[in-house]
Amino acid sequence: MKKIYLSLCMLGLAALTFQAGAQSALIDYQTSAVPRKANKEFQFLAFYINQGVTSNYYPTSEFLKGQVVGRLFGRNTSTTSDTNQTYYVEQRLIPFFIYQPNLFNGKAILRASFEIDWTWGDASYGTGGNIGGGISGDQVNIQTQNIELELIPWKGYAINLGLMRMFDSPYNPYRTLADKMLTTGYRLAYWGTDAVGVSIRRDMDFSRWKAGFYKLYENDIQLDDDVNMFEAMYERQVSRLWKAGVSANYARDRSEGKGGVSILGQGLNSMLAQYNGTFQFRFGSDPYKADIFWLGGFFGRNQDFMMDRWQVTGFFNYNLGKAEVKKEGSWEKGADISGFGANLKTAYRYGQTTDDQVKLDLIYTTGDKNGLDDKKYSGVMTANTWGAPGAIFISSGAYILFPHANVVNRYTPAVADISNMGYGLAGGTLVASRGIIPNKLVAKAGTALAFSNAKPLLGGYHLGTEANAALIYNLGTYMSLELHGAYMWLGDFYESSDDAYGSPVNGSFPSGTRPYNPFTAFVVFKWLMF
């Protein structure tokens, strides 16, 4: 009997020993294989937007399926109506993946961002961007925004390489919030898109600079038929409140219009100009080459709106250059280019938060009165000559007259490019907002007014007047539910059907007929998640 008890005790001891070993092995596995904390090498953040929209303007081409970029009444077939009204919901997610391996101690970073968007109910089981919200989904529609490396060889220096943000602000676009990017430098009015290239920058306590090279179009790799852009920008803090900077850009266009966006092409004489609302150089089918420079300066007082109640920012940018056209085997002058743009914005914070403010935002660009009759273009040029869109002046506070930021698949302001088709621009916005519940509930009301500096044939100078309002409720950190509305009274500028600078000014309406006034209203849910 004692032997039986002894044997049972030995078996029990063996079982306990095995169980303890198994538990120890499990704990070891959990310790080594399962991260005990979040993996700091890998980060994910994303911007989500969902909005329901109603308006009386839309593209009429079935080919575009309601998705459109460019000028209202432009070649994109967008128009207004007194009978038809849109009702749709659209959705976008922009995910960011950031990998920063510990092996390089934070000195090498990979960033990748994509764009996934659609209109509810549009299509499914197909291939292509901007659609995929039909029943069953399963659309192949992911679009690449950025794939870029950031290398940090020394403290304060950064080298960015790959497909990255090409912004006309002196601040690091991957370490600066959008509000500041839209307040500093040229506010993305000249360069505000993505491009491949290499950029070197240095950020110091009281100054910063960057220099970059971007390949806009490569075309045939064995030929000198590319579009390249070079940039240099410097900003310095000149006092406790004031900062000032200078910049230079150079675009070398040898593409002769090759490459570009879909069937629209790109460049000075492309159909893309008619979409984006830039000046179209009518060189016809003759090859051309162009060298264009931008020389400018900008300043800001109290950029972050934290030092006192006044904020002032502004810029001046002068573009110059020439385009030559090849005729009968020899190059001759196509056009001399000379024009400038200027901006002045001032805001006063009368209350507790930055939501309690009144803002006046003025913009001026030179216009051309006779096209290329004198072989001279005296208007402004931006990246919208090459990209769709390449420049986005979205922070004025307007919704229809100038573009705004709440966009998914439809981007059709009256003035999509600050050149205003080459007619020039003199306008501004006045916006007042108030934090009804500080940092929680914000109300906003604004107005916008603009004139062209050159008059189209049989049209006037007045582009239009806009009134708008918004109510914003912040549900949490960078999560909000918003209601926006805007109405624009078109001016006599749109009584012209002149197409000398691109597509007809008033689109499909007859000359002397002013299109119907556009309006829009939309409710938006937004979340910047991190």
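Scoring rules and cut-offs
- All residue numbers here refer to positions counted from 1 along the written sequence of the relevant chain.
- In keeping with the model being predicted, local features are shown solely for residues with a pLDDT of at least 70 and side-chain atom pairs are shown and tallied solely at 80 or more, while totals for entire chains, interfaces and linings include all residues.
- The side-chain values count all of the structure's non-hydrogen atoms but skip hydrogen atoms and water molecules.
- Only protein atoms enter the calculation, which uses a 1 Å grid: trapped sets of points that fit a 1.4 Å probe without letting it out are cavities, open sets showing protein on both sides within 12 Å along at least five of seven lines are pockets, and any residue with an atom within 4 Å of a point is a lining residue.
- Grid points are joined across faces, edges and corners, and a volume is the space filled by probe spheres set on the points.
- Secondary structure elements are taken from DSSP: a helix is a run of H or I of four residues or more, a strand is a run of E of two residues or more, and numbering for both begins at the N terminus.
- Each residue is assigned to one class: nonpolar for Ala, Val, Leu, Ile, Met, Phe, Trp, Tyr, Cys and Pro, charged for Asp, Glu, Lys and Arg, and polar for all the others, Gly among them.
- For two strands to count as paired, DSSP must find a minimum of two bridges between them.
- Every residue gets a pLDDT, meaning the predictor's confidence in that residue, from 0 to 100.
- For this analysis, residues touch if any pair of their heavy atoms sits within 4.5 Å.
- Definition used in this section: a nonpolar core is a set of buried Ala, Val, Leu, Ile, Met, Phe, Trp, Tyr and Cys residues joined via side-chain atoms within 4.5 Å.
- Note on classification: 1.4 Å probe, protein chains only; a residue is buried when its accessible area is under 20% of the maximum for its type, exposed when over 50%, partly exposed between these limits.
- Note on aromatic contacts: the rings of Phe and Tyr and the six-membered ring of Trp form a pair at centre separations within 6.5 Å, being stacked when their planes are under 30 degrees apart, edge-to-face when over 60 apart, and tilted otherwise.
- We call a charge positioned above a ring when the Lys NZ or Arg CZ atom is no farther than 6 Å from the ring centre and deviates by at most 35 degrees from the ring normal.

Per an unreviewed UniProt entry, the protein chain goes by the name Alginate export domain-containing protein and belongs to Lentimicrobium saccharophilum.

Enquirer: What exactly am I supposed to notice about the layout of surface pockets here?
Expert: In this approach, a probe sized like a water molecule rolls over the atoms, and the result shows the empty space that is left. In this structure, the second largest pocket spans a volume of roughly 380 Å³. In terms of lining, the second largest pocket is formed by 25 residues, of which the most central are Val 53, Ser 55, Tyr 57, Tyr 88 and Arg 410. A per-element tally of the lining of the second largest pocket places strand β5 (residues 86-99) first, with four residues. For the lining of the second largest pocket, the per-class residue count stands at 15 nonpolar, eight polar and two charged.

Enquirer: Just to check I follow, could you spell out empty space enclosed by the protein for this structure?
Expert: Counted according to the given criterion, the structure contains three cavities of 30 Å³ or more. In this structure, the largest cavity spans a volume of roughly 80 Å³. Lining of the largest cavity is provided by Asn 160, Met 164, Arg 165, Phe 167, Asn 172, Pro 173, Tyr 174, Ser 199, Arg 201, Lys 210, Tyr 214 and Glu 231. At the level of elements, β8 (157-167), β9 (192-203) and β10 (207-217) are the ones that each hand at least two residues to the lining of the largest cavity. If one sorts the elements of the lining of the largest cavity by residue count, β8 sits on top with four residues. Among the residues forming the lining of the largest cavity, the class breakdown is five nonpolar, three polar and four charged. One number sums up the size of the second largest cavity: a volume of about 50 Å³. Residue lining of the second largest cavity: Ala 189, Asn 384, Ala 391, Ile 392, Phe 393, Phe 402, Pro 403, Val 415, Ala 416, Asp 417 and Ile 418, and that is the complete set.

Enquirer: When you look at the pairing of strand β1 (residues 42-55) in this model, what are you seeing that I'm missing?
Expert: On a regular strand, one side chain projects to one face of the sheet and the next to the other, so that they alternate. As paired elements, β1 and β5 share 14 bridges and run antiparallel to each other. Along β5, the bridge assignment pairs Gln 43 with Ile 98. Relative to strand β23 (residues 519-529), β1 is paired through ten bridges, and the arrangement is antiparallel. For Ser 55, the partnering residue across the bridge sits in β23 and is Thr 520.

Enquirer: Which parts of the structure should I look at to understand the confidence of the model for the protein chain?
Expert: Do not read the predicted coordinates in detail wherever pLDDT is low. This prediction gives the protein chain a mean pLDDT of 91; 92% of its residues lie at or above 70. Confidence drops under pLDDT 50 across residues 1-27; counting only partners more than four residues distant or on other chains, this segment forms zero contacts.

Enquirer: What exactly am I supposed to notice about the side chain of Asn 317 here?
Expert: Within the element layout of this structure, Asn 317 appears in strand β14 (residues 310-327). Every residue in contact with Asn 317, bar those within four places of it in the chain, is listed here: Tyr 186, Tyr 190, Trp 294, Leu 295, Gly 296, Gly 339, Phe 340 and Gly 341.

Enquirer: Before we go on, may I ask you to explain the pairing of β23 in this structure?
Expert: Relative to β23, strand β22 (residues 479-490) is paired through nine bridges, and the arrangement is antiparallel. Its bridge partner lying in β23, His 484 is registered against Phe 522.

Enquirer: Honestly, the nonpolar core in this entry has me stumped. Any pointers?
Expert: If you look at soluble globular proteins, the nonpolar side chains tend to sit buried side by side. Ranked by size, the top nonpolar core spans 70 residues in total, and within it Tyr 190, Leu 216, Leu 268, Phe 281, Met 381, Trp 386 and Leu 401 carry the most contacts. It is strand β13 (residues 288-301) that provides the largest number of residues to this core, a total of five residues. When near neighbours in sequence (up to four residues on either side) are disregarded, Leu 268 contacts Asp 253, Phe 279, Gln 280, Phe 281, Phe 283, Tyr 288, Ala 290, Ile 292, Ala 323, Met 381, Thr 385 and Trp 386. Residues Phe 167, Tyr 171, Leu 182 and Ile 392 belong to the second largest nonpolar core, which totals nine residues.

Enquirer: How should I be thinking about the packing of aromatic side chains in this particular structure?
Expert: Between two aromatic rings, the relevant description is the distance of the centres plus the angle of the planes. Tallied over the entire structure, the rule returns 36 aromatic pairs. Ring geometry for Tyr 48 and Phe 525: centres 6.2 Å apart, planes at 65°, overall edge-to-face. With Tyr 48 in strand β1 and Phe 525 in strand β23, this pair connects stretches of sequence that are 477 residues apart. Relative to Trp 294, the ring of Trp 191 lies with its centre 5.2 Å away and its plane at 80°, an arrangement referred to as edge-to-face. Highlighted residues: Trp 191 in the loop between α2 (178-181) and β9 and Trp 294 in strand β13, separated in sequence by 103 residues. On the accessibility criterion, Trp 191 (3% relative accessible area) is buried. The class of Trp 294 is buried, set by a relative accessible area of 0%. When the ring centre of Tyr 171 is taken as reference, the NZ or CZ atom of Lys 180 above it lies at 4.4 Å. Above the face of the Trp 331 ring, Lys 289 is positioned so that its terminal group lies 4.7 Å from the ring centre.

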